[in-house]
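The chain contents come next:
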Amino acid sequence: MRPPEIVAFDVPEHPTCMDAVLAAAGAIPVDWPYKTECCGAGLSITNADVVCRLGHRLLSMARQAGADCLAVACPMCQVNLDLRQTDIHRAYGGVSEIPVLYVTQLLGLALGLAPEALGLDALSVSPTSLLRQNGVCA
């Protein structure tokens, strides 16, 4: 969605295209206040405290809204929200782990691809129990 003047796709402040794609694939998108907020992106190296604070806000709000996982399209969001969950829990506590998957991984699951083929075993927070609960894998 960024920069909106170049991408010119969807509504930058309230995008719905990813929700529509995931809904068409069988997911139930959750609308929540921080779904377009930044995770801290490139501050990951220079200011990890800010990234942890922003990550905590995003993960907490997603859980409060009823999300079982987060779908992301940005590599920095994937790293900051998945890989840094241990740091976030250490600093802030209170939020149970939540799997963070690329939208393409979720689409691959919907198309019947094996979790191993989609690299789900490389995620820091495993989505395996969530997938089993939803009948996506054995």
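**Q** Describe in detail the pattern of salt bridges, supporting the description with residues and values.
**A** Following the criterion strictly, the structure yields four salt bridges and no others. Across the pair Arg84 and Asp87 runs a salt bridge whose closest N-O atoms are separated by 3.5 Å. Residue Arg84 is classed as buried on the basis of its relative accessible area of 15%. A residue is classified by how much of its surface remains accessible, and Asp87, at 27% relative accessible area, is partly exposed. The residue Arg90 makes a salt bridge to Asp87 at a minimum N-O spacing of 3.1 Å. Linking Arg90 with Asp87, this pair stays in helix H6 (residues 85-92), spanning three residues, or about one helical turn. Given a relative accessible area of 63%, Arg90 falls into the exposed group.

**Q** Which residues make up the packing of helix H2 (residues 17-24) against helix H7 (residues 103-110), and what values do they have?
**A** Running from amino to carboxyl end, H2 crosses H7 at an angle of 20 degrees, the nearest separation of the two axes being 10 Å. Taken together, the axes of H2 and H7 are roughly parallel relative to one another. As H2 runs across H7, the sense of the crossing is left-handed. Of the residues in H7, those in contact with Met18, Val21 and Leu22 of H2 are Val103, Leu106 and Leu107. Each residue belonging to the contact of H2 with H7 can be placed in one class, and the counts come to six nonpolar, no polar and no charged.

**Q** Give me the lowdown on the nonpolar core, citing residues and values where you can.
**A** Trp32, Leu59, Ala62, Leu70, Leu81 and Ile98 are the most contacted members of the largest nonpolar core, which has 16 residues in total. Those elements giving two or more residues to this core turn out to be helix H4 (48-64), strand E1 (70-72) and helix H5 (75-83). Residues contacting Ala62, with those up to four places away along its chain left out, are Trp32, Ala67, Leu70 and Ile98. Residues Val103, Leu118, Leu120 and Leu131 belong to the second largest nonpolar core, which totals 10 residues.

**Q** Residue-level account of the confidence of the model for the protein, with values.
**A** Scored by pLDDT, the protein has a mean of 91; 98% of the residues are at 70 or more. Of all the helices and strands in the protein, helix H1 (residues 4-7) carries the lowest mean pLDDT, 79, while strand E2 (residues 100-102) carries the highest, 97.

**Q** Go over a nonpolar patch on the surface, please, and point to the residues and values.
**A** The grouping of Ile6, Val7 and Phe9 at the surface amounts to a nonpolar patch, some 310 Å² of accessible area in total. The residue Phe9 is located in the loop between H1 and H2 in this model.

**Q** Any chance you could break down the environment of Glu5 for me, citing the residues and the numbers?
**A** With respect to the helices and strands, the residue Glu5 is situated in helix H1. Judged by relative accessible area, which is 64%, Glu5 ranks as exposed. Put simply, Glu5 and Gly135 are 130 residues apart on the chain and 41 Å apart in space, counted from C-alpha to C-alpha.

Parameters and conventions
Residues numbered from 1 in each chain as written. Predicted model: local features only at pLDDT ≥ 70, side-chain atom pairs only at ≥ 80, totals over all residues. Heavy atoms only, no water. Salt bridge = Lys/Arg side-chain N within 4 Å of Asp/Glu carboxyl O. Buried < 20%, exposed > 50% of the residue type's maximum accessible area, 1.4 Å probe, protein only. Helix = DSSP H or I, 4+ residues; strand = E, 2+ residues; numbered from the N terminus. Axes fitted to C-alpha atoms, helices over the stretch in contact; angles between N-to-C directions. Parallel < 35°, antiparallel > 145°, perpendicular 65-115°, else oblique. Left-handed = near helix turned anticlockwise from the far one by under 90°. Contact = heavy atoms within 4.5 Å. Nonpolar A, V, L, I, M, F, W, Y, C, P; charged D, E, K, R; others polar. Core = buried A, V, L, I, M, F, W, Y, C linked by side-chain atoms within 4.5 Å. pLDDT = per-residue confidence, 0-100. Patch = residues over 30% accessible without salt bridge, like charges linked within 9 Å, V, L, I, M, F, W, Y side chains within 5 Å. Areas by Shrake-Rupley, 256 points an atom, 1.4 Å probe, with all protein chains shown as cover.

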